[in-house]
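# Structural features, examined
The lines below spell out each chain.
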Amino acid sequence: MRESFLNQRVTNLKPSGIRKFFDIAATMKDVISLGIGEPDFTTPQPISLAGIQAIQHGETHYTSNAGIIELRRALTAHLEKMYGVSYNPDTEIMLTVGVSEALYLVFNAVLEQGDEVIIPTPCFVSYQAEVELAGGKAVEVPCRLENNFAPVPADIEAAITPRTKVLFLGYPNNPTGAVASRETMEALAKVAQKHDLLVISDEIYDRLVYGFQHVCFPSIPGMQERTILLGGFSKAYAMTGWRIGYAAAPAEILKGMLRIHQYTVMSAPTMSQLAALEALKTGEPFVREMVSEYDRRRQLIVGGLNSLGLKTFEPRGAFYAFPQITLSGLDEETFAERLLHEEHVAMVPGSAFGTGGEGFVRCSYATSYEKIEEALRRLERFMRRVG
Ligand SMILES: Cc1ncc(COP(=O)(O)O)c(C=O)c1O
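### Things to note about the overall build of the protein
Secondary structure assignment for the protein yields 13 helices and 12 strands. Its C-alpha atoms give the protein a radius of gyration of 21 Å, near enough to 21 Å, the size a compact globule of 387 residues would have. When its C-alpha atoms are laid out on the principal axes, the protein stretches across 60 × 60 × 55 Å. Every one of the 387 residues in the protein was classed for burial, and the buried ones make up 55%. Pairs at least 24 apart in sequence give 76% of the contacts found in the protein among residues at least 6 apart. With the model as given, the accessible surface of the protein reaches about 16800 Å², and the carbon-plus-sulfur share is 51%. For the protein, the separation between the mean place of its 37 positive charges and that of its 45 negative charges on side chains is 1 Å.

### Here we look at the sheet that holds strand S3 (residues 116–121)
Taken together, the 7 strands give an open sheet; going across it, the order is S2-S8-S7-S6-S5-S3-S4, and neighbouring strands pair in mixed fashion. Edge positions in the sheet fall to strand S2 (93–96) and strand S4 (137–142), since each has one partner strand and no second. Across the sheet, the mean angle separating the axes of adjacent strands is 20 degrees when strand polarity is ignored.

### Here's the deal with unusual backbone geometry
Following tyrosine 171, the chain continues into proline 172 via a peptide bond in cis, with omega recorded as -5 degrees. Mapped onto the elements of the fold, proline 172 is located in the loop between strand S5 (164–169) and helix H8 (182–194). With an omega of 20 degrees, the peptide bond between asparagine 174 and proline 175 qualifies as cis. Tracing the sequence through the fold places proline 175 in the loop between S5 and H8. Even without being glycine, alanine 238 reaches a positive phi, approximately 55 degrees. Its place among the elements puts alanine 238 in the loop between strand S7 (227–232) and strand S8 (245–248). Given the relative accessible area of 6%, alanine 238 is considered buried. Positive phi is not limited to glycine here, since histidine 344 has a value of about 55 degrees. Judged by relative accessible area, which is 24%, histidine 344 ranks as partly exposed.

### Overview of the environment of proline 315
In this fold, proline 315 is placed in the loop between helix H11 (284–307) and strand S9 (320–321). Exposure remark for proline 315: the relative accessible area of 0% places this residue in the buried category. Put simply, proline 315 and valine 209 are 106 residues apart on the chain and 8.8 Å apart in space, counted from C-alpha to C-alpha. Excluding residues that lie within four positions of it along the chain, proline 315 makes contacts with Thr176, Gly177, Tyr210, Arg298, Val302, Tyr320, Ala321 and Tyr365.

### Side note on the domain arrangement of the protein
Domain parsing of the protein yields domain 1 (8–42 + 285–386) and domain 2 (45–282). Domain 1 and domain 2 are separated by 25 Å when their C-alpha centres are compared. Across the boundary between the two partners, domain 1 contributes 38 residues, which contact 35 residues of domain 2. Both faces considered, domain 1 and domain 2 share a buried interface measuring about 3200 Å² in area, 66% of it formed by carbon and sulfur atoms. Applying the counting criterion to the domain 1 and domain 2 interface returns 0 salt bridges. The tally of links between domain 1 and domain 2 comes to 13 residue pairs in polar contact (both at pLDDT 80 or more).

### Remarks on helix H2 (residues 17–26)
Taken as a whole, H2 has its buried residues at Ile18, Phe21 and Ala25. Summarising the axial view, the buried residues of H2 lie within an arc of 70 degrees, below the 170-degree limit, and thus occupy one face. Contact partners of the buried residues in H2: helix H12 (332–343), strand S10 (345–346), strand S11 (348–349) and strand S12 (361–364).

### Digging into the site of the ligand
Taken together, 13 residues surround the ligand, and among them Val99, Ser100, Asp202, Ser234 and Lys235 come closest. A distance of 2.6 Å separates a nitrogen atom of the ligand from a polar side-chain atom of aspartate 202. One of the side-chain N or O atoms of arginine 243 is found 2.8 Å from an oxygen atom in the ligand. Tallying contributions element by element places helix H5 (residues 98–110) first for the shell around the ligand, with 3 residues. Here the residues of the shell around the ligand sort into 5 nonpolar, 5 polar and 3 charged.

Reading guide: rules and limits
- Residues numbered from 1 in each chain as written.
- Predicted model: local features only at pLDDT ≥ 70, side-chain atom pairs only at ≥ 80, totals over all residues.
- Heavy atoms only, no water.
- Helix = DSSP H or I, 4+ residues; strand = E, 2+ residues; numbered from the N terminus.
- Rg over C-alpha atoms; globule rule 2.2 N^0.38 Å.
- Buried < 20%, exposed > 50% of the residue type's maximum accessible area, 1.4 Å probe, protein only.
- Contact = heavy atoms within 4.5 Å.
- Areas by Shrake-Rupley, 256 points an atom, 1.4 Å probe, with all protein chains shown as cover.
- Lys, Arg positive; Asp, Glu negative; His and termini not counted.
- Charge placed at Lys NZ, Arg CZ, Asp CG, Glu CD.
- Pairing = 2+ DSSP bridges.
- Axes fitted to C-alpha atoms, helices over the stretch in contact; angles between N-to-C directions.
- Domains from an automatic or database assignment.
- Buried area = accessible area lost by both parts, 1.4 Å probe.
- Salt bridge = Lys/Arg side-chain N within 4 Å of Asp/Glu carboxyl O.
- Polar contact = N/O pair within 3.5 Å; in protein donor to acceptor, adjacent residues only side chain to side chain.
- Arc of directions from axis to C-beta.
- Near = heavy atom within 4 Å.
- Nonpolar A, V, L, I, M, F, W, Y, C, P; charged D, E, K, R; others polar.

Shown next, in the form of C-alpha cells:
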C-alpha cells in the first residue's frame, strides 16, 4: 500500500497555529480565552427570528447559485450607501459560505500554477493556505509596528516579480487591528495599476472600526475593475455560525467563481441568506451597540497591556490587540504556552499569522469586560514571574 493517498498540496499545508492552542485550552478548566476570533455576542434576536421563520415558512430549498436576488440587491444598495461603489446585483455579486468559501473560490478562479500572490503579514491564517491549495505561491511582505502595521507600498512593490498576479489586502486587519489609511490605499492602487495586478480585498471587519475611517478598496478611482471585494456577516452581525459571506467583482471574474461554487457548494444556506437580509434591513443599531462595547474593551486591554510593559499598538479596527512581548524575555510560542499552562489565559502566538508576527501575541477582546480584567490580573502575575 502507498505511504499516503493524500496529495502533496495537502501534506505540504502547515496545520493552523491557532487550533493547537484551542486544543490545549479545551482540556483545561477555568481558562480565559483571548484566543478566539469571533464575536462573543449571539446573533441579534430579529436576525435569528428571520432565520427561524424562514425554516417555518418552508424556505428549505436551494436558492439560485449566486444567492437570492433580494439579498444581492440589498447588498449592492448597502455598498453604494456605505462606500459609493456600484455593483450590478445580477452579474457582479454572489453569496458564499462565509468569506472562507469566497477565498477558496477566488484563488481557484484566478491563479495558474506558480502565480504569485503578495500578502502583507501578519494576516488571517487562511490566506497562504488557500493560495497554496490553488497552486499559487504566497509571497509574504511583513508590516511593522513602527508603521502601525500598515502595508508600505514601496515594500509591496519590491516584492513584485514577473509571476506576481495578485495583491491581497486584509484591512481592518486580523491580527494587528491595523486600518489602512486612504493615502496608503491610494498608493497601493498606483502600484496595482502600474504592475497590472488583480487586487483581492478582504474587508470582513469593515464595520468594526474605532474612530477611524475604513476605505473600501474598490471605491478608489480605477480600482473596481481590478478588485474582488470580499465581505461578510460573521463579524459585524455576530453571525459566524450562519456561514454567509459575499464576493463583489467584475462580471467575468464573478462568473468564474460562480462556476466553481456551482459545482462545490451549489448555494449558500437559504435560511441564513434570509437572516442576512434581515441583518441589512434592521441590524444597524445592533452593530453600533456591539462596536461601542468592543471599543470599551479595546481601551481596557490596550491600557492594561501597555501598563504591564507589553508595548501595544492601539488597534483601529477588528477586535484584536497585538502586544509585543519582548519584555518577557520569551519567544511568542513559549510565552503563549507558559501563560496558558501557568495562568490559564489563552493567547495566540503572533508567528501563527506569518512573517512579522514574531515577538507578538494576539489577544482577542471579543470576550466580556470582566474576563479581560481577570486575564490582565493573571497576566500581571505572570509578567512579575518572567519579566
Ligand atoms: C480576516 C478574516 N477573513 C475571513 C474570515 C472568515 O470569515 P467567515 O468565513 O466566517 O466569513 C475571518 C475569520 O476569522 C477573518 O478573520
